[in-house]
Amino acid sequence: MKELYNFLDQLAENNNREWFAAHKAEYDTLRAKWIADLQRLIDLMARFDPSLAHVNAKDCLYRIYRDTRFSNDKTPYKTYFSALISPTGRHCDRACYYIHIGAHETAIYSGVWCPEPKMLKKLRKAIIDNVDEFRGIVEDPQILRHFPGWYGRQLKTAPKGYDRDHPDIDLLRLTEYGKECRLDREFFDQPDWQEKVADLFALLKPMNDFLNYSIDE
């Protein structure tokens, strides 16, 4: 992982096609190691989430090449390695898991990101209809210790159909239901970091189960 961070730091300083071409062999080696590490993580996660038992790490990876067509930032490469872990790989619109190893930020995430309006409305209703159960899950001391806050944008007022003085307005204002745990580079110096990340993700499986049940209901 130190080699990976060193590569990403250099890429952040030299984000151009010439530098990347000169270091393509190094990138390919690091990517192969990352795939092996990620597969180890997925196999460990399958112990608490059997739906991941046959997931291939390559199907969870995101490309390092940026899509710059509609961006003012024309740098060609991402300065991070990332993967979305779900039964369907990186193509998922349900609650899932995400890991981000970057030059500027490292974190793991779990939950539902950017749900479509109909899905968000459905999730809000399910949460409010079962708010004690949901709070019992997401406000568990172990979760709050590692995942203290919600990830993503929040409304400034109540969503349509709810009063701004609703007792659970903090949950209603969320536009996505995801938790994040920021990690430092030293965390990944540990030889058993995959086991530790799997343990952290396991804390949020009950939340993902609640969200996915609500989506499917």
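The structure under discussion appears in the preceding block.
Here's what I pulled together on the structure shown here. (Residues numbered from 1 in each chain as written. Predicted model: local features only at pLDDT ≥ 70, side-chain atom pairs only at ≥ 80, totals over all residues. Heavy atoms only, no water.)

## Here we look at the sheet that holds strand β4 (residues 150-151)
Reasoning step 1: Across the sheet, which stays open at both edges, the 5 strands sit in the order β1-β2-β3-β5-β4 with antiparallel pairing between neighbours. Among the strands making up the open sheet, the edge pair consists of β1 (80-85) and β4.
Reasoning step 2: Relative to strand β3 (residues 106-112), strand β2 (residues 96-102) runs antiparallel, the two sharing 6 bridges. Note on β3: the bridge partner recorded for Cys96 is Gly111.
Reasoning step 3: Here helix α1 (residues 2-13) sits on the sheet in contact with β1, β2 and β3, set at roughly 70 degrees to β2. (Pairing = 2+ DSSP bridges. Helix = DSSP H or I, 4+ residues; strand = E, 2+ residues; numbered from the N terminus. Contact = heavy atoms within 4.5 Å. Axes fitted to C-alpha atoms, helices over the stretch in contact; angles between N-to-C directions.)

## Side note on the nonpolar core
Reasoning step 1: Ranked by internal contacts, the top residues of the largest apolar core, which has 61 residues, are Leu38, Ile99 and Leu211.
Reasoning step 2: In terms of residue count, the dominant contributor to this core is helix α3 (residues 24-45) (9 residues).
Reasoning step 3: Among residues more than four places away in sequence, those in contact with Ile99 are Trp34, Leu38, Leu41, Phe81, Ser82, Ala83, Ala107, Ile108, Phe188 and Trp193.
Reasoning step 4: With 5 residues, the next largest nonpolar core counts Leu84, Cys96, Tyr98 and Tyr109 among its residues. (Core = buried A, V, L, I, M, F, W, Y, C linked by side-chain atoms within 4.5 Å. Buried < 20%, exposed > 50% of the residue type's maximum accessible area, 1.4 Å probe, protein only.)

## As for the side chain of Ser214
Reasoning step 1: On the secondary structure map, Ser214 appears in helix α9 (residues 205-216).
Reasoning step 2: A residue is classified by how much of its surface remains accessible, and Ser214, at 4% relative accessible area, is buried.
Reasoning step 3: Those residues within four positions of Ser214 in sequence are excluded, and the remaining contacts are Lys122, Leu123 and Ala126.

## A closer look at the packing of aromatic side chains
Reasoning step 1: Here the structure, examined in full by the defined rule, presents 21 aromatic pairs.
Reasoning step 2: Their ring planes at 65 degrees and their centres at 5.0 Å tell us that Tyr97 and Phe201 sit as a pair that is edge-to-face. Taken together, the residues span a long stretch of sequence, with Tyr97 in strand β2 and Phe201 in helix α8 (residues 193-203) at a distance of 104 residues. Each member of the pair Tyr97 and Phe201 is classed as buried.
Reasoning step 3: For the pair Tyr109 and Trp113, a centre-to-centre distance of 6.5 Å together with 80 degrees between the ring planes defines the contact as edge-to-face. (Phe/Tyr/Trp six-rings, centres within 6.5 Å; stacked < 30°, edge-to-face > 60°.)

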